[in-house]
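Geometric and topological summary
Residue-level listing of the chains:
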Amino acid sequence: MTEVTAPKASLSGSEFAGEIRSKLKYQLGVDESSAKASDVYVAVASAVRDHLSDSWMRTRAEMVQGNTKAVGYLSAEFLIGRQLSNALLNVGLDEQFALAMKELGFDQDEVIAAEAEPGLGNGGLGRLAACYVDSLASLGVPAFGYGIRYRYGIFRQEFDKAGRQVEKPDYWLTQEEPWGHVDYHRSQRVGFGGTVQEHDGAKVWEPAWSVRAVPVDYPVPGYESGRVNTLRLWESRSYDEFDLSAFNDSDYMGAVVPQVEAENITKILYPEDSTPQGKRLRLEQQYFFVAASIHDAIATFYPGQEHPDLRTFPEKICFQLNDTHPVIGIPELMRVLLDEYGYDWDTAWDITTRTFNYTCHTLLPEALEVWSAQLIGELLPRHLQIIDRIDAQFVEGLENKGLDGERIDRMRILTRDGNPQVRMAFLATVGGLHVNGVAELHSQLLRDVTLKDFSDVFPERFTNVTNGVTPRRFVRLANPRLSALISEGLGTDRWMSDLERLQGLAPLADDASFVERFAEVKRANKRDFSVFAQQRYGFEVDPGTMFDSMVKRLHEYKRQSLKILAVIAQYAAIKDGTAGDMLPRTVFFGAKAAPGYAMAKLTIRLINNVARVIDADPDVAGRLQVRFPENYNIELAEHLIPATELDEQISQAGKEASGTGNMKFALNGALTVGTLDGANVEIRERVGAENFFLFGLEVEDVDRLYAEGYDPLSYVQADPRLRKAVDMVAGGVFSEGDRDVYASLVSDWLTKDYFMTMADFTAYMDIQQEVEDAYRDQARWNRSAILNVANSGYFSSDRSIKDYLERIWHTSPSPSSI
Ligand code: 26Y
């Protein structure tokens, strides 16, 4: 097998075609002439995997034998997207693939599109994890991604005739899946429930039941690095899969109950948790993957050792806790050290606190996970004892520092009221070395507000790492035209692994012929998207209009409502003849709402119905369109982002931790309309205030308004456009005259409006006027867009990972033996 270490694999297109041919024949048993795109996809993917094997094995061996501390990235989500084109690019087989497809007579786009997208995440946190494992491998840092291989993942979103979201299971594993390698030898037993016994003074947890955690390993090839890290996703299986005696007694359902119960743990991502069973299942998921991962790390770094010296564990690996979801790992490592390996409390605590670090991804206090002590006690009785002791020790430390009782109560990990709760963010802050936010503003607000007490007492623990995105997937693969232009403009393609080189494009923003070529790239991407949208969703998109996109999870704080109210106001202006010569636009939404989140689902319904009413109205004729493709996912992002000209980042100031869509859009030459929130602040600083459309309340304004007593109605009354838009929704214009459909939404806008959409409406309409004026001067617009690209190199996930290495993990790429 050829070794894939050089920038380009030393293999010809014909040779690669030969490998694909033999995969078709010997692995799939299909004849080349009758092979379908999905067959060819499997054949190409397994051929690529063969090319990864040597590097994969060597990377693993070096990780265990070398002296470089590894990183274990623990995350409930890895939104990795399709793997094939990324793997081809990263190992340097992309050109050979194109040649091979030509030789074999297959359409390469069809082959790429035959891969099902794994929906193993739901939003920014999951995509960030995927960008980070890509960058870790590209930089040569020994690392594992540890998570769950959900059978169905995030739901597939459909819209019904009334425009409502309908959730369907995503059957992403119904076709052969060539990437994941099931490694039964590395299975782990994970226990639940039961009791804690004492034998000779030692505590022994005797679980009531246990499941088998089976790892499915995905290769993570670095870009031109010759390294292939592992994404290890756990699947739950039953030890007693099948009850033969029940079956023989004709109890066919009863015979598979144990199997179903065990496998339910990894069926779906974020089960609805409004019921006690749902909550319990979520905690089971979290413990399941974290416990398996910790045991796996010990088995990996101390192979075959019955009495390993785990005092060296923090030198072997550090675990990054991606939000609170894996925080149960802290008491789990304590339990393992105390009960399974016999360390004393202080030694175990020292090892544990040097192993973990915590990234917080939110500012909403209600989004910080809290588990009832009762539930933890039922499911993980030994862990509750350990948490209790961690809390007691922590409180003692605070008392010794002279802190007052009120403050100590606020900081307790385990609350001591009638219904005690475990605050996972606090446990993470106490049980690890570092806590980081994901953008400058976010980290500042964590210190000043969300985790203020902790930051006051332990200021040295807090730091910031601004998020980043991988330029390989989100520029090179998603936007090949722009990539070619960038490489030509810079005279090199090294920008893909050193994104700050994009700076070199800045002077070209004043070169008329470069600007024109840049504009043509965007136009061509828009045409492409129109074709894709027609084929995939069956809707018309006019590439002659401005493409204005808002794509992200649906949440009130992100304020899709603000955008749709502005669209309605524009529509009203067209209807009453006051729209003047407004700029023709197509407004794109992409968003899934959590299944139990009623307000978010109602907003989806409203957007769909606004789209429908506008479309059916001949008065609007090509001036305004709303398009809401269903099931927003990585694939859609990869198509839409390169075609977008205006990116909407309009969350209420102080609520979006960072955002990463904003970075992807800027890197693809869209201009942002946004608030001073999350990473918008840093994007604007870098691309220049004159190349960013800033509007709206700032964090201090928001705080002041809350303090004064915010009254949304006064804003509605003050702006006739807003009044009209709200009236139209309330009056049934978008619900066939039915005034009840959106009543709860309207009532929230008028009486509560916690995220101050009404207060920001006027400023938002004004800035949209500025957007229109700027867009009419295409030369100026494109200059700004190029400067967005040129100045966004900082937002590479490679830079983020280097920051983590330096500020948090205190490790480095491992020296290469190649
Ligand atoms: C239900 C609960 C357990 C839960 C599930 C998922 C809580 C949070 C999440 C996901 C959060 C998330 O995606 N946060 C986003 O993380 C991005 C990466 O840091 C940020 O850019 C973005 O601002 C933040 O909302």
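Here is what the cut-offs are and how they apply
Residues numbered from 1 in each chain as written. Predicted model: local features only at pLDDT ≥ 70, side-chain atom pairs only at ≥ 80, totals over all residues. Heavy atoms only, no water. Core = buried A, V, L, I, M, F, W, Y, C linked by side-chain atoms within 4.5 Å. Buried < 20%, exposed > 50% of the residue type's maximum accessible area, 1.4 Å probe, protein only. Domains from an automatic or database assignment. Contact = heavy atoms within 4.5 Å. UniProt positions renumbered as here; feature names shortened; annotations may be inferred. Helix = DSSP H or I, 4+ residues; strand = E, 2+ residues; numbered from the N terminus. Near = heavy atom within 4 Å. Polar contact = N/O pair within 3.5 Å; in protein donor to acceptor, adjacent residues only side chain to side chain. Areas by Shrake-Rupley, 256 points an atom, 1.4 Å probe, with all protein chains shown as cover. Nonpolar A, V, L, I, M, F, W, Y, C, P; charged D, E, K, R; others polar. Salt bridge = Lys/Arg side-chain N within 4 Å of Asp/Glu carboxyl O.

1. Looking at the nonpolar core
- Of all hydrophobic cores here, the largest spans 144 residues; its most connected members are Phe16, Val44, Leu84, Met101 and Phe313.
- Each of domain 1 (1-65 + 82-116) and domain 2 (66-81 + 117-466 + 802-817) contributes no fewer than three residues to this core.
- If sequence neighbours within four positions are ignored, Met101 has contacts with Ile20, Val40, Val44, Phe106, Gln108 and Val111.
- Counting residues in hydrophobic clusters, the runner-up holds 105 residues, among them Leu667, Leu697, Val741 and Met758.

2. Some details on the UniProt feature "modified residue: N6-(pyridoxal phosphate)lysine" (unreviewed entry) in the protein
- Mapped onto the present numbering, the UniProt feature "modified residue: N6-(pyridoxal phosphate)lysine" (unreviewed entry) falls at Lys664.
- Mapped onto the elements of the fold, Lys664 is located in helix H25 (residues 661-667).
- Not counting chain neighbours up to four residues away, the residues in contact with Lys664 comprise Arg127, Val469, Phe474 and Ile641.

3. Let's talk about the site of the ligand
- In the vicinity of the ligand there are 18 residues, among which His361, Asn467, Glu656, Ser658 and Gly659 approach most closely.
- Contact distances for the ligand include 2.6 Å between an oxygen atom and a side-chain N or O atom of His361.
- The separation between an oxygen atom of the ligand and a polar main-chain atom of Gly659 is 2.8 Å.
- Relative to its free-state accessible area of 570 Å², the ligand is covered by the protein chains to the extent of 81%.
- Broken down by element, the residue count for the shell around the ligand peaks at three residues, all from helix H6 (residues 124-139).
- Tallied by class, the residues present in the shell around the ligand amount to six nonpolar, eight polar and four charged.

4. Looking at the side chain of Asn782
- Among the structural elements, Asn782 can be located in helix H32 (residues 778-790).
- Filtering out sequence-adjacent residues up to four positions away, Asn782 remains in contact with Val515, Phe518 and Ala519.

5. A word on the pattern of salt bridges
- Going through the model one piece at a time under the given rule, you end up with 63 salt bridges.
- A salt bridge links Arg523 to Glu520; the nearest nitrogen and oxygen atoms lie 3.0 Å apart. Separated by three residues within a single helix, Arg523 and Glu520 lie in helix H21 (residues 512-537), roughly one turn from each other.
- A salt bridge links Glu772 to Arg776; the shortest N-O distance between them is 3.8 Å. A residue pair is termed a helical-turn pair when its members lie 3 or 4 positions apart in one helix, as Glu772 and Arg776 do in helix H31 (residues 757-776) at four residues.
- Looking at Glu772, the relative accessible area reads 4%, which means it is buried.
- Judged by relative accessible area, which is 38%, Arg776 ranks as partly exposed.

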